[in-house]
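A structural walkthrough
The primary structure of each chain is shown beneath.
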Amino acid sequence: NLHTFLIEQIKDYDECLQRLEAFLPYVDNWSTCDSMNPKVLKRHLPELLGRVKIWISSPHEYTCRCGIGVLMRYFLDEYFDTEYPELVSSIRRDEYYVKMMVAWYFATALAETDVQFPKNAEKENADGKDRGSDQLDGKIGSFVKANYSE
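Quick summary incoming for the structure in this document.

**Brief notes about a nonpolar patch on the surface**
- Residues L2, F5 and L6 make up a contiguous nonpolar surface patch of about 330 Å² in total accessible area.
- Its location among the elements puts F5 in helix 1 (residues 2–8).

Now the structure itself:
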């Protein structure tokens, strides 16, 4: 975590991004991944969004998680766009810590944005038992069903 702390101290956006991207392939746990929060990134959101999309599509588990975390941290306020939940809901990964970050992203998006996601019409699992899925919003419900159904 010392490495992430040192990267966070870099005030030049290009250098910070270069160092961050050089370090991401070495991240091997959620704690290090989630502690990366360089303040300089917030001042360059238009440029950062392109990098976030690349990180999210990375085959490396914690690079993908980092991308989702940055999207959650910086793009749920006035910079929010409905494209972002679509992007996150399109992630199909088996890694536990990626799935947990996706769930965290949607929980935070629902709590912090005024966007109304369409309600999921399906109410029953394959066994016919109502699992309350009508309470889940469309994209979130679809993601949960696809990745966490019994």
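**Observations regarding the pattern of salt bridges**
- With the rule as written, the count across this model stands at six salt bridges.
- Here D34 and R65 are joined by a salt bridge, their closest N and O atoms 2.6 Å apart. Residue D34 is found in helix 3 (residues 30–35), and its partner R65 is found in helix 5 (residues 61–74); the two are separated by 31 residues along the sequence. An identical accessibility class is assigned to D34 and R65; each is buried.

**Digging into the packing of helix 2 (residues 13–23) against helix 4 (residues 45–56)**
- Across the interface, helix 2 lies against helix 4 with an axial gap of 12 Å and an inter-helix angle of 5°. With respect to helix 4, the axis of helix 2 lies roughly parallel. Of the residues in helix 4, those in contact with Y13, L17, L20 and E21 of helix 2 are E47, L48, R51 and W55.
- Of the residues that constitute the contact of helix 2 with helix 4, the class distribution is five nonpolar, no polar and three charged.

**A few points about the nonpolar core**
- In terms of nonpolar packing, the biggest core is built from 39 residues, with L48, W55, I68, L71 and Y105 touching the most fellow members.
- Among the elements of the structure, helix 2, helix 4, helix 5, helix 6 (83–89) and helix 7 (96–112) are those that each provide at least two residues to this core.
- For this core, the element with the highest residue contribution is helix 5, accounting for eight residues.
- Beyond its immediate stretch of four places on either side in the chain, W55 contacts L17, L20, E21, L24, L48, T63, C64, C66, G67 and V70.

**Structural notes on the packing of helix 5 against helix 7**
- As a packed pair, helix 5 and helix 7 sit with axes 9 Å apart at the nearest point and diverge in direction by 5°. Taken together, the axes of helix 5 and helix 7 are roughly parallel relative to one another. Listed contacts from helix 7 to E61, Y62, C64, R65, I68, G69, L71 and M72 of helix 5 are Y96, Y97, V98, M100, M101, V102, W104, Y105 and T108.

**With respect to the packing of aromatic side chains**
- Going through the model one piece at a time under the given rule, you end up with five aromatic pairs.
- Centroid distance F80 to Y84: 6.4 Å. Interplanar angle 90°. Geometry classified as edge-to-face.
- Ring centres of Y105 and F106 lie 5.3 Å apart, and the angle between their planes is 80°; on these two criteria the pair is classed as edge-to-face. Comparing Y105 with F106, the two get one shared label, buried.
- Through pairs of rings, three or more aromatic residues link up here, namely Y62, Y96 and Y97.

Definitions and cut-offs
- Residues numbered from 1 in each chain as written.
- Predicted model: local features only at pLDDT ≥ 70, side-chain atom pairs only at ≥ 80, totals over all residues.
- Heavy atoms only, no water.
- Patch = residues over 30% accessible without salt bridge, like charges linked within 9 Å, V, L, I, M, F, W, Y side chains within 5 Å.
- Areas by Shrake-Rupley, 256 points an atom, 1.4 Å probe, with all protein chains shown as cover.
- Salt bridge = Lys/Arg side-chain N within 4 Å of Asp/Glu carboxyl O.
- Helix = DSSP H or I, 4+ residues; strand = E, 2+ residues; numbered from the N terminus.
- Buried < 20%, exposed > 50% of the residue type's maximum accessible area, 1.4 Å probe, protein only.
- Axes fitted to C-alpha atoms, helices over the stretch in contact; angles between N-to-C directions.
- Parallel < 35°, antiparallel > 145°, perpendicular 65-115°, else oblique.
- Contact = heavy atoms within 4.5 Å.
- Nonpolar A, V, L, I, M, F, W, Y, C, P; charged D, E, K, R; others polar.
- Core = buried A, V, L, I, M, F, W, Y, C linked by side-chain atoms within 4.5 Å.
- Phe/Tyr/Trp six-rings, centres within 6.5 Å; stacked < 30°, edge-to-face > 60°.

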